[in-house]
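Each chain is listed here by its residues.
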Amino acid sequence: MHIRRLGQSMQVSAIGLGCMGMSQGYGPNPGSREDMVDVIRSAVDVGVTFLDTAEVYYGPYVNEELVGEAIGPIRDQVQLATKFGWDIQDGKSVGLNSRPEHIKKVADACLQRLGVETIDLFYQHRVDPKVPIEDVAGTIGELVQAGKVKHFGLSEVGADTLRKAHATYPVTAVQSEYSLWTRDPEPEILPTCAELGIGFVPFSPLGRGFLTGALDSSASFSQGDMRATIPRFQAENLSANQSLVNHVRDLADGKGATPAQVALAWLLAQAPWIAPIPGTRKLSRLQENAGATEIGLSADERADLDALAARVGVAGDRYSEAHMKLVGH
Ligand SMILES: NC(=O)c1ccc[n+]([C@@H]2O[C@H](COP(=O)([O-])OP(=O)(O)OC[C@H]3O[C@@H](n4cnc5c(N)ncnc54)[C@H](OP(=O)(O)O)[C@@H]3O)[C@@H](O)[C@H]2O)c1
């Protein structure tokens, strides 16, 4: 597995593992908790060592507890990222909360659930408009001083806020949705990361499964599958968006690769400081996704993909209307 550098000094596997879906988000889990522990531990054997979770996944807290159990024997081999930023009351997220005292409490609780002494990368999950970002960055600086956190990250942040945060305490990575069908970070965030030497971690790099070719307009989403609430996954939009995935599949077939590998290879080719975190509950898919590092895309292949994506566009927003209001600040 190739290693990539985020920010000044964080080294991660080029392909990471998003653990969210192991607890909730994409419908009933085909595996047991023990199976998920096994997937996470086996990830290390294929070199996938950059693990992603969050306080709010999904219960809340359940995903961090799962990741904590899994990494017990492999703590020294993984880079562990988690996220703060929600106001969780009686087990429900009731809004944003990045007040300094709250961040410190959440950090302690995350450390306990994960069973570790340090969080390698602590992201603000969404910018809290009520708290100046300088206060958030300063608080992370204090947590670093205290040895509880190693690196500072921001998720779905806007470019101005990113600059202000970085000027207060160095940001190691931005984590936002980025993939062949979600190009939002391209105009501002990626150039800002390039300029400031900040790494970028694309979440939902497989388009929540769509770019793997596994979903067509007949796909149905069970209760608890967040895709049921996302406009892009409504049947008419899934149908309208097929031409992009058909092209990805054709390109993959010609290279002896899979669509998922092409989607990830395209991201890896964007910049050497990009490390996607595909989510899966299956070891075979984890191995397949890790194989993306061996798939080279020529400049012509990338240009064709970009031209097609620009031509066909994408039908439907990437989040519900309510959630769209939380991103990009
Ligand atoms: N910062 C944020 O706000 C935010 C938001 C969303 C996600 N994230 C993080 O990003 C991670 C990844 O994103 P994501 O899970 O939303 O989306 P994703 O990685 O784009 O897609 C996950 C979906 O693709 C399927 N899949 C994975 N590999 C596959 C393969 N090779 N072939 C066919 N299907 C495959 C998975 O199903 P199976 O599980 O059944 O394999 C799952 O349904 C999350 O786990 C989470 O840690 C962060």
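Right, let's walk through the structure included here. Note that the coordinates shown come from a computational prediction; the quantities given were computed from them, not determined experimentally.

The next subject is the overall build of the protein chain. Looking only at helices and strands, one finds twelve helices and eleven strands in the protein chain. Whereas a compact globule of 329 residues would reach a radius of gyration of roughly 20 Å, the protein chain reaches 19 Å, a difference of no more than 12%. Put simply, the protein chain has 329 residues, and 56% of those count as buried. Counting only contacts in the protein chain whose residues sit at least 6 apart along the sequence, the fraction spanning at least 24 positions is 76%. Total accessible area on the protein chain stands at roughly 13400 Å², and carbon and sulfur atoms take up 48% of it.

This paragraph deals with the site of the ligand. With respect to spatial proximity, 31 residues lie near the ligand, and among them Y26, D52, L206, G279 and T280 are the closest. Backbone polar atom of C19 to an oxygen atom of the ligand: 3.5 Å apart, as the coordinates give it. N289 is positioned with one of its side-chain polar atoms (N or O) 2.9 Å from a nitrogen atom of the ligand. Coverage of the ligand by the protein chains reaches 95% of its 910 Å² of free accessible surface. At three residues, the largest contribution of residues to the shell around the ligand is made by helix 10 (residues 283-290). Looking at the shell around the ligand residue by residue, the class counts come to eleven nonpolar, eleven polar and nine charged.

One number sums up the size of the second largest pocket: a volume of about 220 Å³. Along the walls of the second largest pocket sit 15 residues, with V157, D184, P185, I189 and G328 positioned nearest its centre.

Turning next to the side chain of T82. Tracing the chain through its elements places T82 in strand 5 (residues 79-84). Here the side chain of T82 touches E64 through a polar contact of 2.5 Å, side chain to side chain. Not counting residues up to four positions away in its chain, the partners in contact with T82 are T53, A54, E55, E64, C110, L114, I119, L121, F122 and Y123.

Right, let's get into the pairing of strand 2 (residues 10-13). Examined bridge by bridge, strand 1 (residues 3-6) and strand 2 share four bridges and lie antiparallel to one another. The partner of R4 across the bridge, within strand 2, is V12. Once strand 1 ends, the chain turns through three residues before running back antiparallel as strand 2, passing G7 with a positive phi of about 65 degrees.

Reading the values: the criteria
- Residues numbered from 1 in each chain as written.
- Predicted model: local features only at pLDDT ≥ 70, side-chain atom pairs only at ≥ 80, totals over all residues.
- Heavy atoms only, no water.
- Helix = DSSP H or I, 4+ residues; strand = E, 2+ residues; numbered from the N terminus.
- Rg over C-alpha atoms; globule rule 2.2 N^0.38 Å.
- Buried < 20%, exposed > 50% of the residue type's maximum accessible area, 1.4 Å probe, protein only.
- Contact = heavy atoms within 4.5 Å.
- Areas by Shrake-Rupley, 256 points an atom, 1.4 Å probe, with all protein chains shown as cover.
- Near = heavy atom within 4 Å.
- Polar contact = N/O pair within 3.5 Å; in protein donor to acceptor, adjacent residues only side chain to side chain.
- Nonpolar A, V, L, I, M, F, W, Y, C, P; charged D, E, K, R; others polar.
- 1 Å grid on protein atoms, 1.4 Å probe; cavity = no way out; pocket = protein on both sides within 12 Å on 5 of 7 lines; lining within 4 Å.
- Points joined across faces, edges and corners; volume = space filled by probe spheres on them.
- Pairing = 2+ DSSP bridges.

Purely geometric numbers; function is a separate question.
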